[in-house]
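Structural overview for review
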Amino acid sequence: MLGYPFRPLLQAIEAAGGAAAVGEVKRRAGVPADRSYRMSEIYSDTECQRVLAAAGEVLDRGPEEICDLWAAAFLEDTQKRFPTWYAMCADARALLECHPEIHDGFAAGLADPEASRAVAQKFRIEKRERELIVHYRSPNRLCRLYRALAQRVIDHYGDAAGVEETQCLHRGDPECEFHIRWTL
Ligand code: HEM
């Protein structure tokens, strides 16, 4: 995984448990204490999974809660760092439709074409009237993060929409499938 999402994850851990919690999470996850993630560098997917598991242990929170904390810090960071995307998108649907494109923009700068393809292949979006169907497949199995982010994007724009996950990698399905439906 690219380094960018690790940064708000560490910020969320620090906000919830202080600098000591970040140090302890890194220690338990086997991450060097001085690791500061570079936005456009690739880190192993297993590192992401270890950091998440360690965050749950150290903060004594379940995966759902950790992903919710992560999503809050993630969106706040994207709004500060990449305001143009928000300005270009008039509503939640526009941003949710184009987020794979945002990811691909980061991946395009990678020297390794395989790593770039891996980023590009995680999401596929079907666009229907009043509905987006999002297909997600990734070794990181971050559907909880996806749901929390999508709901926060919807709330940010004040859209009347909800997110339902009908297939899930955690249940043994071949992919996660999200249905985002607009009621107005
Ligand atoms: C300006 C807004 C955004 C930026 C700059 C951004 C950037 C990134 C980057 C660089 C990654 C790492 C990609 C990879 O290594 O595969 C990532 C991962 C991810 N993003 Fe975004 N993103 C944004 C918006 C969103 C939104 C709106 C959602 C969901 C509705 C989302 C969901 C995810 C998920 C679930 C992952 C983890 C993918 C995985 O490794 O399995 N992102 N994001």
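I will try to describe carefully the structure that is included in this document. (Residues numbered from 1 in each chain as written. Predicted model: local features only at pLDDT ≥ 70, side-chain atom pairs only at ≥ 80, totals over all residues. Heavy atoms only, no water.)

A separate point is the pattern of salt bridges. Within this structure, the stated rule accounts for 20 salt bridges. Across the pair Arg 152 and Asp 68 runs a salt bridge, and its minimum N-O distance is 3.8 Å. Highlighted residues: Arg 152 in helix H7 (residues 143-157) and Asp 68 in helix H3 (residues 63-81), separated in sequence by 84 residues. Across the pair Arg 128 and Glu 126 runs a salt bridge, and its minimum N-O distance is 2.7 Å. Put simply, Glu 24, Arg 27, Arg 28 and Glu 57 are held in one network by salt bridges that share partners. (Salt bridge = Lys/Arg side-chain N within 4 Å of Asp/Glu carboxyl O. Helix = DSSP H or I, 4+ residues; strand = E, 2+ residues; numbered from the N terminus.)

Another aspect to go through is the coordination of the iron atom of the ligand. Only one protein atom coordinates the iron atom of the ligand: His 103 (NE2), located 2.1 Å from the metal. Residue placement: His 103 occurs in helix H5 (residues 92-107). (Donors = N, O, S within 2.8 Å, 3.2 Å for Na, K, Ca; no water.)

Here the focus is H5. End to end, H5 covers 23 Å across 16 residues, agreeing with the expected 22 Å (1.5 Å per residue, within 8%). Along H5, the helix axis deviates most sharply at Cys 98, where the bend reaches about 45°; the proline Pro 100 sits within four residues downstream. The inward-facing, buried residues of H5 abut helix H4 (83-88), helix H6 (113-120), strand S1 (123-128), strand S2 (131-136), H7 and strand S4 (176-182). (Expected span 1.5 Å × (residues − 1). Bend = angle between axes of the 7 residues up to and from the residue. Contact = heavy atoms within 4.5 Å.)

The next thing to look at is the packing of helix H1 (residues 6-29) against H3. In contact at an axis separation of 8 Å, H1 and H3 are set at 120° when each is read in the N-to-C sense. Accordingly, the angle class assigned to the pair H1 and H3 is oblique. Where H1 crosses over H3, the handedness of that crossing is right-handed. Residues Arg 7, Pro 8, Leu 9, Gln 11, Ala 12 and Ala 16 of H1 form the contact with H3, whose participating residues are Leu 69, Trp 70, Ala 73, Phe 74, Asp 77 and Arg 81. Looking at the contact of H1 with H3 residue by residue, the class counts come to 8 nonpolar, 1 polar and 3 charged. (Axes fitted to C-alpha atoms, helices over the stretch in contact; angles between N-to-C directions. Parallel < 35°, antiparallel > 145°, perpendicular 65-115°, else oblique. Left-handed = near helix turned anticlockwise from the far one by under 90°. Nonpolar A, V, L, I, M, F, W, Y, C, P; charged D, E, K, R; others polar.)

When two helices pack together, their arrangement is given by the angle between the helix axes and by the axis-to-axis distance. Two elements in contact, helix H2 (residues 45-59) and H3, have axes separated by 9 Å at closest approach and are oriented at 110°. Comparing their axes, H3 and H2 come out roughly perpendicular. Packed against H2, whose contacting residues are Cys 48, Leu 52, Ala 55, Gly 56 and Leu 59, the element H3 presents Ile 66, Leu 69 and Trp 70 at the interface. Of the residues that constitute the contact of H2 with H3, the class distribution is 7 nonpolar, 1 polar and no charged.

Structurally, Glu 131 is set in strand S2. Among the residues examined, Glu 131 registers a relative accessible area of 12% and is labelled buried. A distance of 3.1 Å separates polar atoms of two side chains, one belonging to Glu 131 and the other to Arg 181. Dropping the residues within four chain positions of it, Glu 131 is found in contact with Arg 93, Glu 126, His 179, Ile 180, Arg 181 and Trp 182. (Buried < 20%, exposed > 50% of the residue type's maximum accessible area, 1.4 Å probe, protein only. Polar contact = N/O pair within 3.5 Å; in protein donor to acceptor, adjacent residues only side chain to side chain.)

In this section: the site of the ligand. Lining the immediate environment of the ligand, one finds 23 residues, of which Leu 2, His 103, Lys 122, Tyr 136 and Ser 138 sit closest. Leu 2 places a main-chain nitrogen or oxygen 2.8 Å from an oxygen atom of the ligand. Within the side chain of Ser 138, an N or O atom sits 2.5 Å from an oxygen atom of the ligand. Elements represented by at least two residues in the shell around the ligand include exactly H3, H5 and H7. Ranked by residue count, the leading element in the shell around the ligand is H5, at 5 residues. (Near = heavy atom within 4 Å.)

Keep in mind these values describe shape, not function.
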